[in-house]
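The primary structure of each chain is shown beneath.
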Amino acid sequence: MKKALPVAVLVILLSMPLHAVRYSGGIRTTFAAVLMKNTSLAHEEALRDSMKATVTLLPASFITGNFDLGLYASLSLQGSTATSGYTRILGNTGLSVGFSSEYLFNEYFSLGLSLGAGYSVTEKVKSGSAFLESYLSASYRVTRYLSASFDTGFIYRRERLELPISFSMRLHPFLKGGER
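Colleague: Would you mind showing me how to read the overall build of the protein here?
Modeller: Of regular secondary structure, the protein possesses one helix and nine strands. Expressed as a percentage of its 180 residues, the buried residues of the protein come to 36%. Pairs at least 24 residues apart make up 57% of the contacts formed inside the protein by residues separated by at least 6 positions. Total accessible area on the protein stands at roughly 10600 Å², and carbon and sulfur atoms take up 72% of it.

As structure tokens, then:
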């Protein structure tokens, strides 16, 4: 009995903040124009561009107070660049995981930051490389279950640096706990 009382009090105190937590997982589709710099060629100074499509799954995302914190996993397809100076940067398929956070200013507008890491396989050559990524996004909630955002980011690979500028739509089909 002496041990049960402190354990019960501890359980009650730890569960009280959980009543303010709301689940907001979902799925996001992104279309981006990617500016990139090839760092493996010393003479190359021009930026190259390609297109990228990404599908991101947000399986664990929770809103507490004004913050939406969660994890993400994304699959991306990036096209090859145009030939410039007899060279071309080949497209790739990438898989990444990471941590996402958003600050909710009100029920319509939010700013977010995502940090992650991944692995991509280059088309035709079938060689892989690891990368680090970070994204900054500004989102506007169109309806209760749909939001649109403009994102920019930075992706670092050993052989190149990428700056994606994108537009994305996020579906929140599992939003629980009322409006954000």
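Now that the structure has been shown, the text picks up again.
Colleague: Help me understand the pairing of strand S8 (residues 146-157) in this model?
Modeller: For a regular strand, the rule is simple: side chains alternate between the two faces of the sheet. For strand S7 (residues 128-141) and S8, the ladder comprises 11 bridges, and the chain directions are antiparallel. Across the sheet, Tyr135 pairs through a bridge with Gly153, a residue of S8. Between S7 and S8, which pair antiparallel in sequence order, lie four residues. Of the strand pairs in this sheet, S8 and strand S9 (residues 160-171) are connected by nine bridges, and their pairing is antiparallel. Its bridge partner being in S9, Ala148 is matched across the sheet by Met169.

Colleague: Would you explain the packing of aromatic side chains in this entry?
Modeller: Geometry of an aromatic ring pair is reported as the spacing of the ring centres plus the angle between the planes. The tally for this structure, following the rule as stated, stands at five aromatic pairs. Aromatic side chains Tyr103 and Phe105 sit 4.9 Å apart centroid to centroid with 80° between the ring planes, which places their arrangement in the edge-to-face category. We classify Tyr103 as partly exposed; its relative accessible area is 31%. Judged by its relative accessible area of 47%, Phe105 falls in the partly exposed class. Between Phe150 and Phe167, the ring centres sit 5.3 Å apart and the planes meet at 50°, which makes this aromatic pair tilted. With Phe150 in strand S8 and Phe167 in strand S9, this pair connects stretches of sequence that are 17 residues apart. We classify Phe167 as partly exposed; its relative accessible area is 34%.

Colleague: How should I be thinking about the pattern of salt bridges in this particular structure?
Modeller: Oppositely charged side chains can pair when the atoms bearing their charge come close. This model, assessed by the stated rule, comprises four salt bridges. A salt bridge links Glu162 to Arg157, with the shortest nitrogen-to-oxygen separation between them at 2.9 Å. The exposure classification of Glu162 matches that of Arg157, with both residues buried. Close ionic contact of Glu162 with Arg160 constitutes a salt bridge, the shortest N to O distance being 2.6 Å. Each of Asp68, Glu102 and Arg170 takes part in one network of salt bridges that share partners.

Colleague: Please explain unusual backbone geometry as it appears in this structure.
Modeller: Outside of glycine, negative phi angles account for most residues, and trans bonds account for most peptide bonds. For Lys124, which is not a glycine, the phi torsion comes out positive at approximately 65°. What makes Lys124 exposed here is its relative accessible area of 65%.

Colleague: Sorry if this is basic, but what is going on with the environment of Ser168 here?
Modeller: You can see Ser168 is positioned in strand S9. With 17 residues separating them along the chain, Ser168 and Asp151 place their C-alpha atoms 7.6 Å apart. When neighbours within four sequence positions are excluded, Ser168 is seen to be in contact with Arg28, Thr29, Thr30, Ser147, Ala148, Ser149 and Asp151. A distance of 2.6 Å separates a polar atom in the side chain of Ser168 from a polar atom in the side chain of Ser149. There is a polar contact of 3.1 Å between the side chain of Ser168 and the side chain of Asp151.

Thresholds applied
- Residues numbered from 1 in each chain as written.
- Predicted model: local features only at pLDDT ≥ 70, side-chain atom pairs only at ≥ 80, totals over all residues.
- Heavy atoms only, no water.
- Helix = DSSP H or I, 4+ residues; strand = E, 2+ residues; numbered from the N terminus.
- Buried < 20%, exposed > 50% of the residue type's maximum accessible area, 1.4 Å probe, protein only.
- Contact = heavy atoms within 4.5 Å.
- Areas by Shrake-Rupley, 256 points an atom, 1.4 Å probe, with all protein chains shown as cover.
- Pairing = 2+ DSSP bridges.
- Phe/Tyr/Trp six-rings, centres within 6.5 Å; stacked < 30°, edge-to-face > 60°.
- Salt bridge = Lys/Arg side-chain N within 4 Å of Asp/Glu carboxyl O.
- Polar contact = N/O pair within 3.5 Å; in protein donor to acceptor, adjacent residues only side chain to side chain.

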